[in-house]
There are 2 protein chains.
Amino acid sequence: MPTEYVLKFSEGSRFMRDLLGGKGANLAEMTVAGLPVPPGFIITTEACMEYIRLGRQFPAGLEDEIREDMQALEEQTGKAFGGKSNPLLVSVRSGSKFSMPGMMDTVLNLGLNEKTMQVLIENTGDERFALDAYRRLITMFGSIVLGVEREKFDAILDGAKQREGVADDPELSPAGLKQAADEMLKLVEEETGKPLPTDPYEQLYAATRAVFDSWDGERARRYRVIHKIPHNLGTAVSVQTMVFGNMGEASGTGVAFTRDPATGETKLYADYLANAQGEDVVGGERNAMPIEVFEKQMPQAHAELAEICDWLEHRYGDMQDLEFTIENGKLWMLQTRNGKRTGPAALKIAVDMVDERLITTRQAVMQAEPDGLDQLLHRQFDPTQKPEVIARGVDASPGAAAGRVVFTADDARKAVLSAKTPDEGRVILVRHKTEPDDVGGMEVAQGVLTAIGGKTSHAAVVARQMGKCCVAGCSAMNIDYDKQELEVNGHVVKAGDFVSLDGTLGEVMLGDVPTVDSEVLGGLLDDTEESQQDVVRYFKRFMGWADAARRLGVRANADTPEDAATARALGAQGIGLCRTEHMFFDTKEGEGRTRAFQRMILAETDEERDAALEELVPYQRSDFEGILEAMDGLPVIIRLLDPPLHEFLPAEQPEEGQHDEWRRDMAELCELTGKSIDDIRGRIRALHEMNPMLGHRGCRLAVTWPAICRMQARAIFEAACNLKKRGLSPMPEVMIPVVSIAAEFDLLKKYVDEVAEQVMQDAGVRVEYLVGTMIELPRACLTADEIAQQAQFFSFGTNDLTQTTFGFSRDDVEGKFMEEYIDQAILGANPFDTIDRAGVGEMVRIGTELGRKTNPELEVGICGEHGGEPASVEFCHEVGMDYVSCAPLRIPIARLAAAQAAIKEQGTGH
Amino acid sequence: MPTEYVLKFSEGSRFMRDLLGGKGANLAEMTVAGLPVPPGFIITTEACMEYIRLGRQFPAGLEDEIREDMQALEEQTGKAFGGKSNPLLVSVRSGSKFSMPGMMDTVLNLGLNEKTMQVLIENTGDERFALDAYRRLITMFGSIVLGVEREKFDAILDGAKQREGVADDPELSPAGLKQAADEMLKLVEEETGKPLPTDPYEQLYAATRAVFDSWDGERARRYRVIHKIPHNLGTAVSVQTMVFGNMGEASGTGVAFTRDPATGETKLYADYLANAQGEDVVGGERNAMPIEVFEKQMPQAHAELAEICDWLEHRYGDMQDLEFTIENGKLWMLQTRNGKRTGPAALKIAVDMVDERLITTRQAVMQAEPDGLDQLLHRQFDPTQKPEVIARGVDASPGAAAGRVVFTADDARKAVLSAKTPDEGRVILVRHKTEPDDVGGMEVAQGVLTAIGGKTSHAAVVARQMGKCCVAGCSAMNIDYDKQELEVNGHVVKAGDFVSLDGTLGEVMLGDVPTVDSEVLGGLLDDTEESQQDVVRYFKRFMGWADAARRLGVRANADTPEDAATARALGAQGIGLCRTEHMFFDTKEGEGRTRAFQRMILAETDEERDAALEELVPYQRSDFEGILEAMDGLPVIIRLLDPPLHEFLPAEQPEEGQHDEWRRDMAELCELTGKSIDDIRGRIRALHEMNPMLGHRGCRLAVTWPAICRMQARAIFEAACNLKKRGLSPMPEVMIPVVSIAAEFDLLKKYVDEVAEQVMQDAGVRVEYLVGTMIELPRACLTADEIAQQAQFFSFGTNDLTQTTFGFSRDDVEGKFMEEYIDQAILGANPFDTIDRAGVGEMVRIGTELGRKTNPELEVGICGEHGGEPASVEFCHEVGMDYVSCAPLRIPIARLAAAQAAIKEQGTGH
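Keep in mind that this is a model prediction, so the values were computed, not measured. Per chain, residue numbering runs from 1 following the sequence as it is written. Each chain is given a letter, starting from A, and each ligand a number, starting from 1, according to the order in which they appear as written. Two thresholds apply to this predicted model, a pLDDT of at least 70 for residue-level local features and 80 or more for giving and counting side-chain atom pairs, whereas whole-chain, interface and lining totals are computed over all residues. Based on all heavy atoms of the structure, the side-chain values leave hydrogens and waters out of the count.

1. Looking at the overall build of chain A
(1) Moving on: By the criteria applied, helices consist of DSSP H or I runs no shorter than four residues and strands consist of E runs no shorter than two, each listed in order from the N terminus. Of regular secondary structure, chain A possesses 36 helices and 32 strands.
(2) Moving on: Taking 29 Å as the expected radius of gyration for a compact globule of 910 residues, we find that chain A reaches 32 Å, a close match to that expectation.
(3) Moving on: For the C-alpha atoms alone, the extent of chain A along its principal axes is close to 105 × 60 × 60 Å.
(4) Moving on: Expressed as a percentage of its 910 residues, the buried residues of chain A come to 58%.
(5) Moving on: If you take every contact in chain A between residues at least 6 apart in sequence, the share linking residues at least 24 apart comes to 68%.
(6) Moving on: Surface exposure here means Shrake-Rupley accessible area, sampled with a 1.4 Å probe, where a residue is shielded only by the protein chains that are shown. For chain A, the accessible area works out to roughly 36500 Å², and carbon and sulfur atoms hold 47% of it. With C-alpha atoms as the basis for the radius of gyration, the globule rule is written as 2.2 Å multiplied by the number of residues raised to the power 0.38. Only protein chains enter the accessibility calculation, which uses a 1.4 Å probe. A residue is then buried if its area is under 20% of the maximum for its type, exposed if over 50%, and partly exposed in between. In this analysis, two residues are considered to be in contact whenever any of their non-hydrogen atoms come within 4.5 Å of each other.

2. Here's the deal with the environment of B:Pro732
Residue and element names in this part refer to chain B.
(1) Moving on: Take Pro 732: it is sitting in strand 28 (residues 731-736).
(2) Moving on: The spatial distance from the C-alpha of Pro 732 to the C-alpha of Phe 808 is 33 Å, given a sequence separation of 76 residues.
(3) Moving on: In contact with Pro 732, not counting residues within four places along its chain, are Leu 628, Val 636, Ile 716, Phe 717, Ala 720, Val 767, Glu 768, Tyr 769 and Leu 770.

3. Looking at the sheet that holds strand 8 (residues 252-257) of chain A
All names here are of chain A.
(1) Moving on: Two strands qualify as a pair provided DSSP detects at least 2 bridges between them. The four strands are arranged 9-8-10-11 in an open sheet whose pairing can be described as antiparallel. Both edges of this open sheet fall to strand 9 (269-274) and strand 11 (330-338), since each of them pairs with a single strand only. Averaged over neighbouring strand pairs, the angle between their axes works out to 15 degrees when direction is ignored.
(2) Moving on: Two elements, strand 10 (residues 320-327) and strand 11, share eight bridges in a ladder whose sense is antiparallel. Bridge pairing links Glu 327 to Lys 330 in strand 11. Interaxial angle, 0 to 180 degrees, is taken between N-to-C directions of lines fitted to C-alpha atoms, where a helix line uses only the stretch in contact.

4. Describing the relation of the copies chain B and chain A
(1) Moving on: With an RMSD of 0.3 Å, chain B superimposes on chain A once it is rotated by 179 degrees and translated 0.1 Å along the axis. On the angle and the small slide along the axis, the relation comes out as a two-fold axis. Considering only C-alpha atoms, the residue of chain B closest to the rotation axis is B:Asn691, which sits at 2.2 Å. The superposition of copies rests on a least-squares fit of C-alpha positions from residues with pLDDT of 70 or more in both.

5. Remarks on the interface of chain B and chain A
(1) Moving on: Counting residues at the interface gives 53 residues for chain B, matched by 53 residues for chain A.
(2) Moving on: Accessible area that two parts lose when put together, evaluated with a 1.4 Å probe and summed over both, is termed the buried area. Roughly 4400 Å² of surface becomes buried between chain B and chain A when both sides are summed, with 56% attributable to carbon and sulfur atoms.
(3) Moving on: One speaks of a salt bridge when a side-chain nitrogen belonging to Lys or Arg is within 4 Å of a carboxyl oxygen belonging to Asp or Glu. For the pair chain B and chain A, the interface holds two salt bridges.
(4) Moving on: Here B:Asp836 makes a salt bridge to A:Arg779, at a shortest N to O gap of 2.6 Å.
(5) Moving on: Two N or O atoms count as a polar contact when they lie within 3.5 Å, although within protein this holds only if one can serve as hydrogen donor and the other as acceptor, and sequence-adjacent residues are included solely when both atoms are side-chain atoms. Where chain B touches chain A, the interface holds 25 residue pairs in polar contact (both at pLDDT 80 or more).
(6) Moving on: Every element with two or more residues in the side of chain B that touches chain A is listed here: helix 25 (677-687), helix 26 (699-704), helix 28 (742-763), helix 29 (778-782), helix 31 (798-806), helix 32 (810-813), helix 33 (818-823) and helix 34 (837-854) of chain B.
(7) Moving on: The element that contributes the greatest number of residues to the side of chain B that touches chain A is helix 34 of chain B, accounting for five residues.
(8) Moving on: Residues are sorted three ways: Asp, Glu, Lys and Arg are charged, Ala, Val, Leu, Ile, Met, Phe, Trp, Tyr, Cys and Pro are nonpolar, and all the rest, Gly among them, are polar. Broken down by class, the residue content of the side of chain B that touches chain A amounts to 23 nonpolar, 15 polar and 15 charged.

6. What about unusual backbone geometry?
All names here are of chain A.
(1) Moving on: In this model, Asn 328 sits at a positive phi of 50 degrees, which is unusual for a non-glycine residue.
(2) Moving on: The topology assignment puts Asn 328 in the loop between strand 10 and strand 11.
(3) Moving on: The backbone phi angle of Val 738 is positive, close to 60 degrees, even though this residue is not glycine.
(4) Moving on: Mapped onto the elements of the fold, Val 738 is located in the loop between strand 28 (731-736) and helix 28 (742-763).

7. Notes on the packing of helix 22 (residues 593-602) of chain A against helix 23 (residues 606-630) of chain A
Residue and element names in this part refer to chain A.
(1) Moving on: Contact geometry of helix 22 with helix 23 gives a least axis separation of 8 Å together with a crossing angle of 145 degrees. Relative to helix 23, the crossing made by helix 22 is left-handed. Every residue of helix 23 that contacts helix 22 at Arg 593, Ala 596, Phe 597, Arg 599 and Met 600 is listed here: Arg 609, Ala 611, Ala 612, Leu 613, Glu 615, Leu 616, Tyr 619 and Asp 623.
(2) Moving on: For the contact of helix 22 with helix 23, the residue count by class is eight nonpolar, no polar and five charged. The crossing is said to be left-handed when, going from far helix to near helix, the turn is anticlockwise and less than a right angle, and right-handed when the turn is clockwise.

8. Quick word on the pairing of strand 27 (residues 635-639) of chain B
Residues and elements named next belong to chain B.
(1) Moving on: Judged by how many residues are buried, strand 27 sits mostly within the fold: five of five residues are covered.
(2) Moving on: Along strand 27, one buried face is formed by Pro 635, Ile 637 and Arg 639 and the opposite face, lined by Val 636 and Ile 638, is buried too.
(3) Moving on: As defined by bridge partners, strand 26 (residues 575-578) adjoins strand 27 across two bridges and the pair is classed as parallel. Within strand 27, the position partnered with Ile 575 by the bridge is Val 636.

9. Let's talk about the sheet that holds strand 9 (residues 269-274) of chain B
All names here are of chain B.
(1) Moving on: Read from one edge to the other, the open sheet built from four strands follows the order 9-8-10-11, with strand pairing classed as antiparallel. Here the strands that pair on one side only, and so sit at the sheet edges, are strand 9 and strand 11 (330-338). Adjacent strand axes in the sheet meet at a mean angle of 15 degrees, parallel and antiparallel pairs treated alike.
(2) Moving on: Pairing analysis gives six bridges linking strand 8 (residues 252-257) to strand 10 (residues 320-327), with the strands arranged antiparallel.

10. Overview of the packing of helix 5 (residues 127-145) of chain A against helix 7 (residues 174-192) of chain A
Residue and element names in this part refer to chain A.
(1) Moving on: Here helix 5 crosses helix 7 at 20 degrees, and the two axes come no closer than 9 Å. The orientation of helix 5 relative to helix 7 falls into the category roughly parallel. Read as a crossing pair, helix 5 and helix 7 show a hand that is left-handed. Contacts between helix 5 and helix 7 pair Glu 127, Arg 128, Leu 131, Asp 132, Tyr 134, Arg 135, Ile 138, Thr 139 and Gly 142 from the former with Pro 174, Leu 177, Lys 178, Ala 181, Met 184, Leu 185 and Val 188 from the latter.
(2) Moving on: Residues that form the contact of helix 5 with helix 7 fall into these classes: nine nonpolar, two polar and five charged. Geometric relationships in this document are graded by angle, where less than 35 degrees denotes roughly parallel, more than 145 denotes roughly antiparallel, 65 to 115 denotes roughly perpendicular, and other angles denote oblique.

11. Quick notes on the packing of aromatic side chains
Residues and elements named next belong to chain A.
(1) Moving on: Pairing of aromatic rings covers Phe, Tyr and Trp, the last through its six-membered ring, and needs centres within 6.5 Å; plane angles under 30 degrees mean stacked, over 60 mean edge-to-face, and all others mean tilted. Within the structure shown, the criterion is met by 46 aromatic pairs over all chains.
(2) Moving on: Taken together, a centroid distance of 5.3 Å and an interplanar angle of 55 degrees make the contact between Phe 817 and Tyr 821 tilted. The pair formed by Phe 817 and Tyr 821 is uniform in burial state, with each residue classed as buried.
(3) Moving on: Each residue in the set Tyr 51, Phe 58, Phe 81, Tyr 201, Tyr 205 and Phe 212 is aromatic and connected to the rest through ring pairs, giving one cluster.

12. Considering helix 6 (residues 150-164) of chain B
Residues and elements named next belong to chain B.
(1) Moving on: The span expected for a helix works out to 1.5 Å for each residue beyond the first. Its 15 residues place the ends of helix 6 22 Å apart at the C-alpha level, agreeing with the 21 Å of an ideal helix rising 1.5 Å per residue.
(2) Moving on: Within helix 6, burial applies to Phe 153, Ile 156, Leu 157, Ala 160 and Lys 161. The arc enclosing the buried residues of helix 6, seen along the axis, measures out at 135 degrees, which places them on a common side. Seen from the open side of helix 6, the exposed residues pointing more than 90 degrees away from its buried face are Glu 151 and Gln 162. Directions pointing from the helix axis toward each C-beta atom define the arc.

13. Brief notes about helix 36 (residues 891-906) of chain B
Residue and element names in this part refer to chain B.
(1) Moving on: Along its 16 residues, helix 36 runs 23 Å from first to last C-alpha, staying within 8% of the 22 Å computed at 1.5 Å per residue.
(2) Moving on: Of all the 16 residues making up helix 36, 13 are buried; the element is thus mostly covered by neighbouring parts of the structure.
(3) Moving on: Gly 907 lies just past helix 36 and shows a positive phi near 65 degrees.

14. So, the confidence of the model for chain A
(1) Moving on: When the pLDDT values of chain A are averaged, the result is 90; 97% of them are 70 or greater.
(2) Moving on: With pTM at 0.85, the complex prediction returns an ipTM value of 0.84. pLDDT expresses how confident the predictor is about each individual residue, on a scale running from 0 to 100.

Dropping the structure here:
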């Protein structure tokens, strides 16, 4: 036989995920190891792909193979599939290499029909059990394989319970179950025009086909596009002898974690339901029994489970999430896989497992989820006081927030304005979805909650930009704007009531839940022995392992000494992007920076212009001193002025409702400059741009007005020289933005070098410095060899590079049509979140290679938001960058992602 | 001697332009051929480069070599340099490989000083002549070599003429000349602190140094950057024995063209000045003698000159522009080079020379200037009635226009509105420079004239976009806005006076000069035997030679049947870009297209949307039928809707002074849609974009609203099927714009294919068609391999590709900082005019190569404005495109440029 389409559990291993799927490979691993696994076999992923290739036809020989393995199973169990004396029942489960929602999952109790059910009743003497199994088969087969709506089956069962006045499934009488099963069979026949198949093999083949079809379905295909899973992997089908947790009180079913997934505590954690089948636990309809009760009631099964868990952790080197069933006191293993866990738990488990010598430090690094670290660094709810979660949505923007519900942006503003204290003015803006008009309300709110939309929705994008907590796509929520109330999962919340949002987890809670600072961040900033709680120590040890493995440097995007200090505490090895825009605006009342810069913009002579700029030097010098001092001994990349000048002037005409403010502003400008209002408006009109993103900004400003560049250079080098004289080691790196032509860079570098030389001569000290450029335009990538002849470093500005490479104005696509592009799977991910390898990544690769060709010493990094996103960090590693730079709180994530990329490259993850 | 820095004229040839410069090589060629060239030698370009390399020092041995060659010259002429009996005088001229303004040009009469001048007086007995030569030396040496302002010398000469009450230089008495020379010597000493050098060798070395220095000067360097001439070519210096055209009435000097440069007539054309030196002719201060008078007065010299011209044309295979001097009746040749000519002349000369077997057809094609054809196709002034040109500026936008002068945009609008007839309402807007506020005035004006700015100035860019005649940078013009008048070269023009502008030549004339249609275009459109004037026949023959040579196809960008017909007459082989935007706007009063499309945009349900679109089908179908019929049998690329939807709606709030119109518009929309004004304004606000260039447009619209794409596809294929049924051969090619992701293209192609299939089935005929994409975003270039898997053609939209590759919003850079970039030589040319090879060109190359990799059948073209610009066409040829597409009137230019590129590639230009 050229291809074997079916393998027994005993013929596989955990290394055969490609062929057997994750679920099948783990069942095989446990079987071979002698663990109590109900026997069975696996129809391979190759069978699935061949089935699809043949236009949804079983390949030749597959049915025979299944029959052969089924017969072997009959021999092994002493039962017969569809047999008249001792019927064999099986379950069918899908399992692909990667866990994938949207795929058909499980059908239990295949092999049952009216006849075998009767035999089952006779053999077990348990009519209720057999009927329960039968109605489950009809429900699952009817809904999953035949496509009848699941709700209709549930309604029949609910009807039966109502008739008998019982609440829980196990309390239903056999007669009630019988009537329900009959009604369900009728439902299937009505909906599909055919009776439910009674032939066991027909049932098995149909279930297998349904699994294969679901692999090729719209929803699964879309999921794979988004998660970049190839379409040609296929799914396997596990066929397994049924064991029954619903055979009475000595039976049951449960899910377990080998350690506590919330805290990481080294202790078996399980949810057990007596007299139930697996789906009951997962469905969460009945309350599970805690592990302590389970241990007391079934000491032997518990002991055996604990031993198995220990073995599994040693074998898999990770915390396991498993499913088991107890049939009349005997433990059976149905599944095992690596378990999901919270950020703090992940940290503790990793460190504990290394100490227990279960895994190496490199394995610990590889197993961690970079985003899991995020939870550790944001403000969060006091875990001791966290109430019940009433609804879940998408974790759209991290953080914790509590406030009174408002339903419109206007109400948000009014509530905040009329509040007597900031504390009283805390509101949560709740909208079906947000639109540009809502932005003002979002700004003043503590957090945002929406009913529809995912991570790329308008609400999500704007909230993340504002650093504001947001839970989006809470689809269970219904908002009645007229009644000014929302309803969610049975809870009614009125305008003015408190709710709390956990943006990190996507959770909604009732009431004003108190928040606490991040323990980890607090501990790192206050780096004394007594402040070091366990989690901080774990964090430091774990990050130390990551640092030992990584090759990429990690810097921070930080504009103030405070941010720089946070970044340094979190492990930043320098600043990759210090924006100077804010240094042109007043930071304190009456400073005069804004007016001075406006005077410079409106100046008509060089003298006026120079005089206005001169006023800014002391302010900027002191800003630069602060940052260079906070980063003493580490490189600090300072970007020269970037935005277009019109951003610093009032609008040409007042917006609605802002006439008075605008007039006051203009009158001041007139007095300041001695110009008429018409002159000033004319200048504003002349500076107006159709597409400011592609306009007169960055280095282009300095080509036109070299004095701006010279002023900033002077402030930088005077600051550095001052520090140097105080014995410090400032390392400024001047970054020229928006370069698309080598001659632009060369000209500005000349200006900077001239000023640096002059300042250092005047000060009598010398400072080491670099001059480089932000690579953020396609042409800069393609002519990087020319630019690198004089540039000493490149920092890829992948935010803007993504905008120009795609032709996507971020303001105009995110929260607008980006969501649609991802829904329709035109894009696998938002390219502003994770770097687009095929386009933007290719630009970066070309730019890096060309740049290094003419300047092998070139320092190459990234300072777009991608620098803190794990998949993008991996790309930066692969492309050979020297460092990534990201927001201070993302630094640990970047350190871990960099370490994982390095270990992955070396192929020594195991 | 390792390097020879000096060559005699007799040692060179016309093929040694690299070493001897153009001027020197041609002098050598004529010398060797035995033509009467005053003897001399050439200091090579290598000497120049070595001089610069050494930090502006003569290389070792150069002075000796010059002395040796000077001695040889003395022997040959029997004169002595600085000699006391028979002094040798020489001229010094610069000459690089390419003609280059900004370089030092000519110094005559070197070797003169007080003593040699006395000898000259004694020898010639002509005091006036000797003094005249002396004052010329002082003027040229003083101004060109020593840098004293030329105007100060001219003022001294003018003073001398005023004193004697004479108008022309030759009328000055010897005493007057003597006094002038003395004053000039005093001027030089005052300005430079040193007397003018009297040693002849010192004079010669200084003049040589000045030539070399000017090669390395700021102005020349900038010119070379702009014209992409390498800096390392260097300039040569020709040193030539003086002959004197100022030795009385039997002497003189002239410039000649071997054929008439204005008409191309085969007839010697010369301007001759008796008793003058070369600079007098070029300066244009004295009126030259026509050739007929010259022939009559000096028959022998004329005959000899005619013979030489004939010889030169045979030798050079091109019309020559030459300088000669007659010294006491003897003819001397001082220079020859290929002559500049008008468009019609170029055509006639090329055809005549081929008929005369002077050149091959391929040489004729190579010698033509593509832009010269432009003149032949635009409306132009009646050549029989063209008056004196009173001023010249930059030929910023071609065409001819006459109108009354207005000085503000407001006055332009008022004049046009208050005029009783369109003819009366013709105005020319005259501004120092234009700004965005002037655009409204430019729109209603016939033409635009500015005092400052070049081809990239605001006025130039906007005028070209409007297809409006513009002369920019007429720097001689002074405008007095208060007095409402302009002054230029002594003419005063008041507001309301007529002026005429020739935008093709950059000329300004007084009065209302009548214009005529293009003879060539008229003849091609009316293609009958009797309509064929000479110029039309020449045009057809010449273009036939070009077509035989070229490999690139040439298509037209045309949106209407009229434009398509013009394009076809001019040789278009199809349409490369038919924009469909205008088809959504009413083309006649009350059509209802605009309102239907606005209703579609404002629709809230799919039904509303579909109903509104349905109304547009008949209109668009009929538009497409017209174009496909005009191009019957040739491919027509139709681009689906491109601009963002907000462009089709009114502004959210009225602009100043347009409240009434806006309210009327909104009220109509409210009635039409049944929506409130607030709803409509809300929708407009939601559609507003920060950077519309990078927003929701092109294929992105169709991803969101497939119905728009389907409606257009239906109209296209219904139109094609209708024509097919009538026996025609429509060849539609559907182009999907703004693609950056292969999946976008694949989705829209699916829509188009589905509609096409349906329409063809309904119609019962089949039409061949292609579906392709406009490649106009960097990401499309880098992922062209993916896109080409389904795309059947690529058309590079290099306008937008230039915008995104550079990050240049065309609206925001042209007429704003682009000019500065070119002035500062940061850019060699405006990348919107000529393709930027290093960046945008590289994108095109990558896109073409990747696309052909997965789809070797891919049809590749360009439809940006570059498709009609010769240097860009050459690039398109090199990169292996199938065709270029350009504006109808640019088609002949593209055909010629394509032919030149092909011939150049084959290396058989000669």
